[in-house]
Amino acid sequence: MRAYTPKDNVQKKPYYTDRYWVAPQVAKTDVSEDAVFAADLEAIRAKFEVLDAYIQVKQMVVVINAADNFGVIELMKNELEYNQLSELSAIDWLAKEGKFEIFYQMLSMSKRKRIRVKCKISEKESIQSVEKLFRSADWSEREMYDMFGVVVNNHPFMKRILMPDDWEGFPLRKTYPLQGDEFAQWYEVDKIFGKEARDIIGPENRDPARVDRYDTERFARLGHEVPRGTDISQGEPVTPLCYQESDGVFLIEKFDAEKSVVISDRDR
Amino acid sequence: MAQHQVNYLKDGGLPVALTTIDKVVNWGRSNSLWALTYGLACCGIEMMASGASRYDFDRFGTIFRASPRQAELMIVAGTLTKKHAEFIRRLYDQMTEPKWVISMGSCANTGGMFNTYATVQGVDRVIPVDLYLPGCAPRPETLQYAVLLLQQKIRRESASRAQKPKRLM
């Protein structure tokens, strides 16, 4: 098994870099190219500070201050006809900028346009809930809290949604190891049997390709089954596959091909 | 007076079968394995297919029960998440002795392709397993074969002694 190298801070110190890799960039164009988006942007600019705005893949992206998020979404819903919040989540940029990026993906059915509203908050900050405006934000914000640890203010039921309530850590952060930290790896053992059972049960086998050919505690070769724990380093007997014991089962008759009758006349 | 007279000493006509208590009890147990409906993921679909008319588990005496109190076989069909681990243990504890467990499919055996923080890496970390059934997902024939193998295992066991506590690894 390969030695475990902790992959904390994968953004700061990538363990593999390609010298000739150029990150692909989606082309950004100016908002003035689209009349509908330009009008929407003017309406937002009139009331709130807009840090950045551009069009990417036919969608306008508006970057705002995190404190304005409720106001901007409210304005877009009530006045700009963006009547659907299709998605809401966070992106972990903690290693690079020390901040989370939170995005709101909005859809206007009447204008047939999509806008993405973005804002950034640091790890300790919290953000205002938009659940009062869109019911769909309820679970999205809970998931955002569950996966990233972004606390949402004024949410009616701020609780983990996917992971168990007593879970520690936020799994979708870049610093969270894929196979779990120590808490995650022993979670079910600690919860069911208690910490003292760790020694008996042992650590998880995280190498799914590991098969010990002579291990009869865990494995049995089909057609070569032996009792558990038998030493088979000298070879094992062949036990042919059978669906019933060779001498039959008590009170159950075996199908006898000799005695059976093949009915060839269907109309009989 | 019946005209037909049975010759009890010929052709196995004697309506008596000599056997041991062990054999009778194990015959009963092995041919009426009532399984808990425990479909956790896609393996559950194959398990349902095994119970339905085409593969027809009923002819082996395997009837799916929705209550652990009425079940003696737990077919863990699918991915066991860490969130669900305590409940599978609770359901296993609620089943009456004697009880057996079939771990169905790669996910239940080893965690399978879900080598992640949220998946239990094999149900044998939580409950003792009698039979591991490989496959992703195993076909209904494979599950039938597993049940028949388990029946053979039950018939080999001694029925009278108390259930030996199974090793949990």
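Residues numbered from 1 in each chain as written. Chains lettered and ligands numbered in written order. Predicted model: local features only at pLDDT ≥ 70, side-chain atom pairs only at ≥ 80, totals over all residues. Heavy atoms only, no water.

*Asks:* Break down the pairing of strand β4 (residues 100-104) of chain B for me, with residues and values.
*Replies:* All names here are of chain B. Most of β4 sits out of view: 5 of its 5 residues are buried. Burial of β4 is two-sided: the residues W100, I102 and M104 facing one way and the residues V101 and S103 facing the other way are all buried. Judged from the 5 bridges that link them, strand β3 (residues 73-77) and β4 form a sheet pairing that is parallel. Within β4, the residue paired with M74 across the bridge is V101. Tracing the backbone out of β3, into helix α3 (residues 85-94) and back to the parallel element β4 gives a crossover that is right-handed. By the bridge criterion, 3 bridges tie β4 to strand β5 (residues 131-133) in an arrangement that is parallel. Each residue of the ladder has a partner; that of M104, found in β5, is L133. Handedness of the crossover joining β4 and β5 through helix α4 (residues 105-110): right-handed. (Buried < 20%, exposed > 50% of the residue type's maximum accessible area, 1.4 Å probe, protein only. Helix = DSSP H or I, 4+ residues; strand = E, 2+ residues; numbered from the N terminus. Pairing = 2+ DSSP bridges. Right-handed = clockwise from strand over helix to strand, strands pointing away.)

*Asks:* Kindly report on α3 of chain B, identifying the contributing residues and their values.
*Replies:* Within α3 of chain B the residues assigned to the buried category are A85, I88, R89 and Y92 of chain B. Viewed along the axis of α3 of chain B, the buried residues span an arc of 100°, placing them on a single side of the element. Those residues of α3 of chain B hidden inside the fold are in contact with α6 (187-192) of chain A together with β3 and β4 of chain B. (Arc of directions from axis to C-beta. Contact = heavy atoms within 4.5 Å.)

*Asks:* Break down the side chain of R155 of chain B for me, citing the residues and quoting the values.
*Replies:* For R155 of chain B, the location among the structural elements is in helix α5 (residues 140-156). Judged by its relative accessible area of 18%, R155 of chain B is buried. Not counting the four nearest positions on each side in its chain, R155 of chain B is found in contact with E245 and V249 of chain A together with N26, S30 and N31 of chain B.

*Asks:* I'd like a rundown of the packing of aromatic side chains, residues and numbers included.
*Replies:* For the coordinates displayed, the defined rule picks out 7 aromatic pairs over all chains. Residues F100 of chain A and F148 of chain A carry aromatic rings whose centres are separated by 6.2 Å and whose planes lie at 75° to one another, so their mutual orientation is edge-to-face. Of this pair, F100 of chain A sits in strand β5 (residues 99-108) while F148 of chain A sits in helix α4 (residues 137-148), and the two are 48 residues apart along the sequence. For F100 of chain A, a relative accessible area of 1% gives the class buried. Assessed through its relative accessible area of 5%, F148 of chain A is described here as buried. Members of the aromatic cluster, each reached through a chain of ring pairs, are W167, F183 and Y187 of chain A. Between the NZ or CZ atom of K28 of chain A and the centre of the ring of Y54 of chain A, over which it lies, the distance is 4.5 Å. Note that K99 of chain B overlies the ring of Y92 of chain B, its terminal NZ or CZ placed 4.3 Å from the centroid. (Phe/Tyr/Trp six-rings, centres within 6.5 Å; stacked < 30°, edge-to-face > 60°. Lys NZ or Arg CZ within 6 Å of the ring centre and 35° of its normal.)

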